[in-house]
Amino acid sequence: MAKTVADGFFNDPRLVEAKKLITEALGEHSSKITGVKPGNPELKESYDALLKKMADYRGGALFYNYLGSGIGNGPFVELADGSVKYDFITGIGVHYMGHSHPGVINAQINGAISNTVMNGHLQQNTDTAALLELISKEACKYGSAVKNVFLSTSGAMANENAFKIIFQKRFPANRFFAFEKCFAGRTLGMAWVTDKAAYRQGLPKTLDVDYIPFYCESDHQGSIDLAVNAMKKYITRFPGQHAGFVMEVIQGENGSWVGNTEYFEALIKVCKDNNISVFIDEVQSFARTSELFAFQYFKLDKHADVVAVGKNSQVCATLFTDDHKPKPGLMSQTFTGSAAQIAASYYVIHSIVNGGYLGENGKIQKLHAKFKSNLEKISKKHPEKLKGPFGIGAMVAMSVFNGDEAKSKAFTIKLFENGVLSFMAGGHPTTRVRFLMPVMVTEEKHIDEVCEIIDKTLSEMN
Ligand SMILES: Cc1ncc(COP(=O)(O)O)c(C=O)c1O
């Protein structure tokens, strides 16, 4: 006999049957989406009206003429005008499992039929305990001590919590180090960390941040020396005032710029010598290298004091060591995430860990090699139009028209019209076009097709 009413409910044969029917219906309809196609001319007028309404009510036009219909199939997404696109940006690195993934939808149903829409820090269901255990164990598997996991609903909030933890621990130190051109989110705090003037124009100053030049592959030792010296100069100028260093170890918003272990270790040594906490911002890089966490890829396990994850994890989280445990009262929020989100997060992370995606010979590395070699071929064909590719794992970027911002934007829009979603990154004079593919559902043939569309789009532009 069921020990709780919930046991009886969640195992009720009618629910099992209902979920089976939903999966069947989903498969039947979603499998009709098999490739890129243009919109249905009969829907053009109503779709354009919908886009206009959207722009009017949200206070500005969308970047792409994109309103999803609510269904897709793997890397393909159907828009409400009936067109189908390749989604190689996945909501800026969120839809790891592509569109209408039956396993993810099933997990979400389990969450959706539980008692409340949202879980919160005061009242959480058992699913959350399982999720925290999964994230914590995976984070600590090579010896990291970031075993505590605090959930939140955006990457910016996960980062805010990381900053709060570190400032409290290092009080009265009140400055932070960050990398030049980093991105950390859009709250009032994070706007002063993100190194982009336009993103904080008109905002009052909230944080004092000192910027350190990021790693430069073409000048390995030179860039290490430059960064270490810059840190030391700031420490001399503001002795004892640096609480932490936020390390975006792969710069996503800047265009998939990849760091280096020796470089990070040199900076971390300066941190440790000066009581500066090391905070790794993995909101974008989580599950996009050959390891689940990018700090594991760079072998920084022993050094991370605080880590933030988001996007692919479906729920955001701040991980921290016992040594960085905040005092009661510092952190809480109404929401941890919706019940459906928490169930989906467990499903997605569990699948990533167990599905052959990670490791030297995992799917991520294979997809990267394939995408890289295809883009290199296109670059040979159009050397003046495409440079790169750049990036790592499932964070791939290229530069078109020598990084010209206006032309890169025109390219992404034309690429969208031709059937592929990408997005801009960085800024003049090194604007890039980047791809965050849906790893779980991308196959090599999809990369071939996406590259054909990239090639065609470049040929259409001068
Ligand atoms: C490295 C990094 N940190 C933080 C954020 C902020 O995440 P969110 O947009 O969920 O607030 C992002 C988002 O792109 C990011 O790439």
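Since we're looking at a predicted model, the values are computed, not measured.

Asks: Talk me through the site of the ligand; I want residue IDs and the actual numbers.
Replies: Neighbouring residues of the ligand: 13 residues in total, closest Gly155, Ala156, Asp281, Gln284 and Lys311. The separation between an oxygen atom of the ligand and a polar main-chain atom of alanine 156 is 2.8 Å. Glutamine 284 has a polar side-chain atom sitting 2.9 Å from an oxygen atom of the ligand. With the chains in place, 82% of the 390 Å² that the ligand exposes on its own is no longer accessible. In this structure the site holding the ligand corresponds to the largest pocket. Here the shell around the ligand gets three residues from one element, more than from any other, and that element is helix H7 (residues 155–170).

Asks: Which residues make up the pairing of strand S7 (residues 208–212), and what values go with them?
Replies: Within S7, four of the five residues are buried, which leaves the element mostly enclosed by the surrounding structure. By the bridge criterion, five bridges tie strand S6 (residues 175–179) to S7 in an arrangement that is parallel. Residue pairing for S7: phenylalanine 179 is matched across the bridge by isoleucine 212.

Asks: So what's going on with the sheet that holds S7? Which residues, and what values?
Replies: Whether parallel or antiparallel, the strands of a sheet pair through hydrogen bonds between backbone atoms. The strand order S5-S13-S12-S11-S8-S6-S7 describes an open sheet built from seven strands, whose pairing is mixed. Either end of the sheet is taken by a strand with one partner, and the two such strands are strand S5 (148–152) and S7. Between one strand axis and the next, the sheet turns through 20° on average, direction left out of account. In terms of strand pairing, S6 meets strand S8 (residues 242–247) through four bridges, oriented parallel. Residue phenylalanine 176 lies in a different strand from S8, and its bridge partner there is glycine 244.

Asks: Run through the layout of surface pockets, naming residues and quoting values.
Replies: Volume-wise, the largest pocket comes out at about 930 Å³. If you go around the largest pocket, you meet 42 residues; those closest to its centre are Phe183, Arg186, Tyr199, Glu253 and Arg434. Secondary structure elements with two or more residues in the lining of the largest pocket: helix H4 (90–93), H7, helix H14 (405–418) and strand S18 (423–425). Class assignment for the residues of the lining of the largest pocket results in 14 nonpolar, 17 polar and eleven charged. Counting contributing residues, the lining of the largest pocket receives three or more from each of domain 1 (117–354) and domain 2 (371–401 + 411–462).

Asks: Run through the packing of H14 against helix H15 (residues 444–459), naming residues and quoting values.
Replies: To characterise two packed helices, one gives the angle between the axes of the helices and the distance between these axes. Interhelical geometry of H14 versus H15 gives an angle of 125° and a closest axis separation of 10 Å. By the criterion of interaxial angle, the relationship of H14 to H15 is oblique. Note on packing geometry: the crossing formed by H14 with H15 is right-handed. From H14, Phe411, Lys414, Leu415 and Asn418 reach across to H15, where they touch Ile453, Ile454, Lys456, Thr457 and Leu458.

How each quantity is defined
Residues numbered from 1 in each chain as written. Predicted model: local features only at pLDDT ≥ 70, side-chain atom pairs only at ≥ 80, totals over all residues. Heavy atoms only, no water. Near = heavy atom within 4 Å. Polar contact = N/O pair within 3.5 Å; in protein donor to acceptor, adjacent residues only side chain to side chain. Areas by Shrake-Rupley, 256 points an atom, 1.4 Å probe, with all protein chains shown as cover. 1 Å grid on protein atoms, 1.4 Å probe; cavity = no way out; pocket = protein on both sides within 12 Å on 5 of 7 lines; lining within 4 Å. Sits in = over half its atoms within 2 Å of the grid points. Helix = DSSP H or I, 4+ residues; strand = E, 2+ residues; numbered from the N terminus. Buried < 20%, exposed > 50% of the residue type's maximum accessible area, 1.4 Å probe, protein only. Pairing = 2+ DSSP bridges. Axes fitted to C-alpha atoms, helices over the stretch in contact; angles between N-to-C directions. Points joined across faces, edges and corners; volume = space filled by probe spheres on them. Nonpolar A, V, L, I, M, F, W, Y, C, P; charged D, E, K, R; others polar. Domains from an automatic or database assignment. Parallel < 35°, antiparallel > 145°, perpendicular 65-115°, else oblique. Left-handed = near helix turned anticlockwise from the far one by under 90°. Contact = heavy atoms within 4.5 Å.

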